[in-house]
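Spelled out from the first residue to the last, the chains are:
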Amino acid sequence: MQKIDAHLHVELEGLDADRVIDYMDHHHIEKCWLLTWEEMTPPIDSIYRNLPPDEVFEAYDKHPDRIVPFYAPDPKTGNLSQKIKRHREKGLKGCGELKVTHKWEDRVIGDYLRVIDAHDLPLLFHMEEPRMHYVPANSGKLENLLDDLLNGALNGITKHYLTRFFKNTGVFKGHIENQLTPFPGYLYDFSNLEKRLRQLPDLDFIGHGPHFWNNISNDPSGVLIHDKGPIDSFGIIDRLLTRYENFYCDISGKSGFNALNRDRDMAKLFLEKHHAKILFGTDNTGLDYEGLIRSFHLPKDMMKKIFYENADGLISD
Ligand SMILES: [Zn+2]
């Protein structure tokens, strides 16, 4: 079966341009969307990784038949339209990954979307909720341990209990408070996203990320980074995918993998219902998404859409 990996980065997790091609050959993936990450003023340096367009286009120039180049300039960029135009001439096919500390309601995002729409590019974006992030005071062992425990170990459980423990006992309290820095979240306001979907019906939106996928359920826990357990009823992403023709998603990242594994009966229903809106992608994780999708034994025409046709249909020549 033909496949497009609709969410991949170059120069991340050891994948340079040639290794991207090796990886695709090994997994029988025909094409991939290569995505950038650009934020001019990231609020917390340690969770940001600049993935510039030059590397994407370098890889594209080497392997133009295998790579579909994407670029999401920072919305604060001047001359956005010029920039997009210039990259369009070099072969740009989409805008992504837009992973920026803005909300959908921000005026700068409204302006940005209109430019992307005018250039007829699909938009792939990442959603993540605001939180307090622990920034280590130094590179010592204790600080490394706190960094791990307070920023994601055990899927967020240690953060939940340790924060409560520090608060109640007073141990480390002042120190922890000093080092906690607010992380404002990435494009997490669903209600304003819905307004944008209505405002720009010709612009195709492709969502992913922890906040996107936790909302496969109608009661996200707010404690875990990637929610676990049964899904009683579907949440907002089900409604948006049903209602808006211009709304899609990709299954990449731990978030998508987890969401389709936590309740397999509901995941199968979700895949069946939205097979024309879901894109296969891996996000350099090395997880077995192909095995996961195949394990649901969906009809062949649905699998073809998820593995190839949906992504292919979003790209214009
Ligand atoms: Zn992402």
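All chains use their own residue numbering, which begins from 1 and follows the written sequence. Where totals are concerned, whole chains, interfaces and linings use all residues; where local detail is concerned, this predicted model gives features only for residues with pLDDT of at least 70, and gives and counts side-chain atom pairs only at 80 or more. For side-chain calculations, the full set of non-hydrogen atoms in the structure is used, while hydrogens and water are omitted.

### Describing the coordination of the zinc ion
Octahedral metals with six donors have ideal donor angles of 90 or 180 degrees. Tetrahedral metals with four donors have an ideal donor angle of 109.5 degrees. With distances of 1.8 to 2.2 Å, the protein atoms coordinating the zinc ion are Glu97 (OE), His126 (ND1) and His208 (NE2). Throughout, exposure labels follow a simple rule: accessible area from a 1.4 Å probe, protein chains only, divided by the maximum for the residue type, with under 20% read as buried, over 50% as exposed, and the rest as partly exposed. Exposure remark for His126: the relative accessible area of 6% places this residue in the buried category. Ligating atoms shown are N, O and S within 2.8 Å of the metal, or 3.2 Å for Na, K and Ca, and water is not included, meaning a site may look less than complete.

### Describing the domain arrangement of the protein chain
Domain ranges listed in this record stem from an automatic or a database domain assignment. Taken domain by domain, the protein chain comprises domain 1 (4-130 + 184-314) and domain 2 (133-181). The distance between the C-alpha centroids of domain 1 and domain 2 comes to 30 Å. The contact criterion used throughout is that any non-hydrogen atoms of two residues lie within 4.5 Å. Contacts between the two partners involve eight residues from domain 1 and, on the opposite side, nine residues from domain 2. As a working definition, buried area equals the accessible area (1.4 Å probe) given up by two parts on being put together, with both sides summed. Interface area, domain 1 with domain 2, both sides summed: about 640 Å², of which 68% is carbon and sulfur. Looking only at domain 1, the three residues that lose the most surface to domain 2 are Ile44, Val223 and Ile225, adding up to 61% of its buried area. A side-chain nitrogen of Lys or Arg and a carboxyl oxygen of Asp or Glu constitute a salt bridge if their distance falls within 4 Å. The interface formed by domain 1 and domain 2 includes zero salt bridges. We define a polar contact as two N or O atoms separated by no more than 3.5 Å, with the added condition that, inside protein, one atom must be a possible hydrogen donor and the other a possible acceptor, whereas residues neighbouring each other in sequence contribute only through side-chain atom pairs. At the boundary of domain 1 with domain 2, the tally comes to zero residue pairs in polar contact (both at pLDDT 80 or more). When the residues that make up the side of domain 1 that touches domain 2 are grouped by side-chain class, the tally is five nonpolar, two polar and one charged. As a working rule, the residues Ala, Val, Leu, Ile, Met, Phe, Trp, Tyr, Cys and Pro are called nonpolar, Asp, Glu, Lys and Arg charged, and the rest polar, with Gly in that last group.

### Points about the packing of aromatic side chains
Ring geometry is summarised as follows: Phe, Tyr and Trp rings, the Trp one being its six-membered ring, pair when their centres sit within 6.5 Å, and such pairs are stacked at plane angles under 30 degrees, edge-to-face over 60 and tilted between the two. Counted according to the given criterion, the structure contains 14 aromatic pairs. Ring geometry for Trp37 and Tyr48: centres 5.0 Å apart, planes at 75 degrees, overall edge-to-face. Placement of the pair is Trp37 in the loop between β2 (31-34) and α2 (53-62) and Tyr48 in the loop between β2 and α2, with a sequence separation of eleven residues. Tyr48 matches Trp37 in its accessibility class, with the two residues each being buried. Seen from their ring centres, Trp37 and Tyr186 are 6.3 Å apart, and the 80 degrees between their planes marks the pair as edge-to-face. A residue pair is termed long-range when its members are at least 10 positions apart, and Trp37 in the loop between β2 and α2 and Tyr186 in the loop between β7 (180-183) and α8 (190-199) qualify at 149 residues. Of the residues examined, Trp37 reaches a relative accessible area of 7% and is grouped as buried. The exposure class assigned to Tyr186 is buried, which follows from its relative accessible area of 3%. Three or more aromatic residues joined by ring pairs form one cluster here, namely Phe212, Trp213, Phe234, Phe247 and Phe270. A ring has a charge above it when a Lys NZ or an Arg CZ is no more than 6 Å from the ring centre and no more than 35 degrees off the ring normal. One cation-aromatic arrangement involves Lys99 over Trp37; the distance from NZ or CZ to the ring centre is 4.1 Å. Lying over the aromatic face of Tyr248, Lys277 brings its terminal NZ or CZ to 5.4 Å of the ring centre. Only DSSP runs of H or I reaching four residues or more are called helices, and only runs of E reaching two or more are called strands; each is numbered from the N terminus.

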